[in-house]
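So you can see what is in the structure, the chains are spelled out below.
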Amino acid sequence: QVQLVESGGGLVQAGGSLRLSCVASGNTATINTMGWYRQAPGKQRELVASITRRGTINYADSAKGRFTISRDNGKNTVYLQMNSLKPEDTAVYYCNAESYYSVPPYWGQGTQVTVSS
């Protein structure tokens with residue numbers, strides 16, 4: 001089992017920045033990919049960015065050029081630096097971890113990001 005705890009959400013004005021962190025604990029050696037998803041009210045959960053243990057990164061088009069994902073394998077932590085935030089970035093952001101093995105992905109409890117115009 002893996003547990004994920006997010007932090008760093010909050011309220012920010014448009015154009016501002018936030019940094020999200022997610023710490024994994026438990027059987028962390030089984031984790032390959034870690035990432036961030038978000039879900040806005042009335043919308044489906046969507047991928048924001050992901051990073052594999054070896055550092056391969058994938059961004060959603062909406063995140064490219066504004067968000068940066070990084071990972072510290074020694075600290076079992078993944079970060080999401082969000083710059084130039086827009087009101088449409090308002091959502092609950094969830095940390096995700098995927099195992100090397102065929103088990104369901106792990107999810108954090110979510111952290112609210114609100115961008116005011």
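Conventions we followed
- Residues numbered from 1 in each chain as written.
- Predicted model: local features only at pLDDT ≥ 70, side-chain atom pairs only at ≥ 80, totals over all residues.
- Heavy atoms only, no water.
- Core = buried A, V, L, I, M, F, W, Y, C linked by side-chain atoms within 4.5 Å.
- Buried < 20%, exposed > 50% of the residue type's maximum accessible area, 1.4 Å probe, protein only.
- Helix = DSSP H or I, 4+ residues; strand = E, 2+ residues; numbered from the N terminus.
- Contact = heavy atoms within 4.5 Å.
- Disulfide = S-S within 2.5 Å.
- Pairing = 2+ DSSP bridges.
- Axes fitted to C-alpha atoms, helices over the stretch in contact; angles between N-to-C directions.

**Some details on the nonpolar core**
Phase 1: Leu-4, Met-34, Trp-36, Leu-80, Met-82 and Tyr-93 are the most contacted members of the largest nonpolar core, which totals 28 residues.
Phase 2: Mapped onto this core, the elements with two or more residues apiece are strand E1 (2–7), strand E3 (18–26), strand E4 (31–39), strand E5 (46–51), strand E7 (67–72), strand E8 (77–82), strand E9 (91–99) and strand E11 (111–116).
Phase 3: Once residues within four sequence positions are removed from consideration, Leu-4 is found in contact with Cys-22, Val-23, Ala-24, Met-34, Cys-95, Asn-96, Ala-97, Tyr-106, Trp-107, Gly-108 and Gln-109.

**Overview of the state of the cysteines**
Phase 1: For the structure shown, the criterion picks out one disulfide.
Phase 2: The side chain of Cys-22 participates in a disulfide bridge whose partner is Cys-95; the two sulfur atoms lie 2.0 Å from each other. Every disulfide takes its handedness from the sign of the S-S torsion; for Cys-22 and Cys-95 that torsion is -85 degrees, giving left-handed. Here the residue Cys-22 occupies a position in strand E3, and Cys-95 occupies one in strand E9, the gap between them amounting to 73 residues.
Phase 3: Under the relative-accessibility criterion, Cys-22 is labelled buried at 0%.
Phase 4: With relative accessibility at 0%, the residue Cys-95 sits in the buried group.

**Quick look at the sheet that holds E3**
Phase 1: In space, the four strands of this open sheet follow the order E1-E3-E8-E7, with antiparallel pairing throughout. At either end of the open sheet lies a strand with only one pairing partner, and these are E1 and E7. Strand-to-strand, the axes of this sheet are offset by a mean angle of 15 degrees, without reference to chain direction.
Phase 2: In this sheet, E8 lies alongside E3 in antiparallel orientation, the contact comprising six bridges. Opposite Val-23, over in E8, you have Thr-77 as the bridge partner.

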